[in-house]
Structures are given as C-alpha cells and as structure tokens.
Amino acid sequence: MTQLSRYPSPLRYPGGKGKIANFVKMLMIDNELVGSDYVEPYAGGASVALTLLYEGYADRAFINDLNPGIHAFWSSALTRTDELCALIENTPVTMDVWHEQRVILNSSTASGIELGFATFFLNRTNRSGIIGGGAIGGSDQSGPWKIDARYNKPALIDRIRKLGRHRGRVTLSNEDAVEYVKRWNDPDVDAAFLYLDPPYFEKGEGLYDNFYDAADHAEIATAVSALAHPWIVSYDARPEITALYPDAAAIRYGLTYSAAAKRSKGAEIMFFSEDLVIPELLPGGVTSREVDIAKRRALA
Ligand SMILES: C[S@@+](CC[C@H](N)C(=O)[O-])C[C@H]1O[C@@H](n2cnc3c(N)ncnc32)[C@H](O)[C@@H]1O
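Calculation rules
Residues numbered from 1 in each chain as written. Predicted model: local features only at pLDDT ≥ 70, side-chain atom pairs only at ≥ 80, totals over all residues. Heavy atoms only, no water. Near = heavy atom within 4 Å. Polar contact = N/O pair within 3.5 Å; in protein donor to acceptor, adjacent residues only side chain to side chain. Nonpolar A, V, L, I, M, F, W, Y, C, P; charged D, E, K, R; others polar. Phe/Tyr/Trp six-rings, centres within 6.5 Å; stacked < 30°, edge-to-face > 60°. Helix = DSSP H or I, 4+ residues; strand = E, 2+ residues; numbered from the N terminus. Buried < 20%, exposed > 50% of the residue type's maximum accessible area, 1.4 Å probe, protein only. Contact = heavy atoms within 4.5 Å. Domains from an automatic or database assignment. Pairing = 2+ DSSP bridges. Right-handed = clockwise from strand over helix to strand, strands pointing away.

An unreviewed UniProt entry annotates the protein as DNA adenine methylase of Microbacterium dauci.

Let us look at the site of the ligand. Residues in close proximity to the ligand total 21 residues, the closest being Tyr 13, Gly 45, Asp 65, Asp 176 and Asp 197. Contact between the ligand and Leu 66: a nitrogen atom at 3.3 Å from a main-chain N or O atom of the residue. At 2.8 Å from a nitrogen atom of the ligand is found a side-chain nitrogen or oxygen belonging to Asp 176. Class assignment of the residues belonging to the shell around the ligand gives a composition of eleven nonpolar, five polar and five charged.

What follows covers the packing of aromatic side chains. For the structure on display, the rule yields 14 aromatic pairs. On the numbers, 5.7 Å between centres and 70 degrees between planes, the contact of Phe 120 with Tyr 151 is edge-to-face. Taken as a pair, Phe 120 in helix 7 (residues 112–125) and Tyr 151 in the loop between helix 7 and helix 8 (153–165) lie far apart in primary sequence, 31 residues in all. Neither residue differs from the other here; Phe 120 and Tyr 151 are each classed as buried. Aromatic side chains Tyr 235 and Tyr 245 sit 6.4 Å apart centroid to centroid with 55 degrees between the ring planes, which places their arrangement in the tilted category.

For Lys 25, the location among the structural elements is in helix 2 (residues 21–30). By relative accessible area, Lys 25 is classed as buried at 6%. Here the side chain of Lys 25 touches Asn 22 through a polar contact of 3.1 Å, side chain to side chain. In contact with Lys 25, other than residues within four places in its own chain, are Thr 51, Leu 52, Glu 55, Tyr 57 and Val 291.

What follows covers the domain arrangement of the protein. For the protein, the assigned domains are domain 1 (3–11 + 24–66 + 175–299) and domain 2 (74–163). Centre-to-centre separation of domain 1 and domain 2, based on C-alpha positions: 26 Å.

Next up on the list: the pairing of strand 2 (residues 58–64). When you tally the buried positions in strand 2, you get five out of seven residues, the bulk of the element. As judged from the five bridges shared by strand 1 (residues 36–40) and strand 2, these two strands associate in the parallel manner. Across the sheet, Val 39 pairs through a bridge with Phe 62, a residue of strand 2. Once you follow strand 1 into helix 3 (residues 47–54) and on to strand 2, the crossover reads as right-handed. Across four bridges, strand 2 lies against strand 3 (residues 170–173) in parallel orientation. Its bridge partner being in strand 3, Asn 64 is matched across the sheet by Ser 173.

What follows is the structure, given as structure tokens:
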C-alpha cells in the first residue's frame, strides 16, 4: 500500500485517528454495517471517513465541523477543487507566505477558498499541524526540518483531486455537533453509523480550538444516547467522561500520537451503542491483514 492511500486526508490532524480506521472497518464488518452511511460530527482531518469511503465500507460520508477554517478547507476541496489545487501548486512555501496566511487565518473577514487555503497551508507548515502554532523549523528556519517538510505538493494535490472525484458521495456541514446529531435522530433516515471524536476533556496544548466545557460534554452525551442509529464515541479516558456514558459498553486502549514535537501515549476510551457487537481487538492495534480475513469470512 502506498503512502498516498494509507493517509487519505490532505490535513494533518494532531492526535489524528487514522490509526483506528481498521478497527472501525472491523466493527462495520462484524455488525453488517458495510455499505451504510457514515457520519462524523467532529470531522477534523476526517481520515477515518475518507478511508471508509474510498475502500467501499461507507456508501456515503457525512462530515461536519464547527471550526470555520476546517469547514472552509473541506468546502474548497470539494467544490473548488481545481482552484485549490492551483493555489497549492503556485504558492511558494516560505516564511513570508506563512506570515501572510496567518494574517488571513486570524482576520475576521476571510472566508471561502481564501480561508480554506490559509487553514491548509498553516496545518501543513506548522509543528504537529497545530493551526495556531509555530512554523516547522522556527521563524528563523534554523531547525533541522524546514517549513516545507510536510508539504509534498504533488501528493497533497493528488489527495485533494481524489476527494474531488468522490464529491458526489460526501456531504459537508458546519454545525454545532449537538444540533447536528439531533438531526440524525430520525429513524426514517437511511441506515447510518456515527463515529464521534469530540474535543478531549483534558484540553491539549492548543492542539485545536477547544471551547468544550463540562456542560458541552454532557450535552453531546445526552444527544448521542438518544440516537436511533449505532454509534461509537472516543475520548481521553477520564472519570468525568465515563460518568456521562453509564450504560454504554466501553474499551480502554492506548494510542501513540505525535504532538508538540514529542510522542506521548494517550489513555483513550471508546464507548459503544448497546446494539453493537464489539470486535475482540483494540482500536489502534488492528492490522490490515486482520481486516482482510474478517472481510473474507463475512463474504463466505
Ligand atoms: C478531536 S478533533 C477530531 C479529530 C478527527 N477525528 C481526526 O482524526 O482528524 C475535534 C474536532 O471537532 C471540532 N469541533 C469542536 N467543537 C465542535 C462543535 N461544537 N461542533 C462540531 N465540531 C466541533 C474541532 O474543530 C475539531 O476539528
């Protein structure tokens, strides 16, 4: 498998959940959810959604993110694919441009492709993809890695073009997750499966804008628990969070991710709606071979 297909998202997402895509595939196989609609109310880099879509596990993907920059990026990639690719192709990756893009990101008037490109540019040129953080290599570019270390133009353009080719199966929205989830709570909508990856309870080192407080975590737990569709939720394993999902089956696991230039082992937890059969493997630890075996068994 090439790097390109392994990392389908054009965005680097701090603490990105790409590693759990295999677990989600396994869950979909075990629960006969392959071919259903797949929904991510907190999409971020949306790497699980894109993997499921491209590999045929999800028929359609519904991605939502409240962050205006993240939303503008996905919207540009889906609807102004050629223009966005031309911007990537023609914009030099230098500190001067980095400063310009930061002004755009922080301006209250930027929108559309201008904001989408600024979000993408800063996500790809900042340390650990932290959109509000510092540039790779430092402002004087004296570090061992330079600003363009994660900016392989042809590979990134390919990922955006691939998304553009699948645009007919992707629905993007820009709502608060609680309102968004409530809209799915209609038993008449097609079979859907939701994966929620809310902001962590313990706020990271500015990984992304995290405005969630205890009341917000409680509100989404209530909305999720009322869903008529199968769902999973992943979080940092904190007693305050487990208390919000008292009836849900849960598994704890470790996910190693790179953030703020150091590798750390997260103590994560995943909750499952009561109708789901839970694979006997840990999220983050499922190999492609294990998925292939399960898929063949399901098709036999
Ligand atoms: C933990 S990240 C999701 C990461 C994603 N699973 C990935 O692998 O890239 C949480 C995302 O939720 C978004 N977000 C924060 N508050 C939100 C809200 N109230 N409604 C919808 N999205 C929100 C943030 O912008 C961020 O992109």
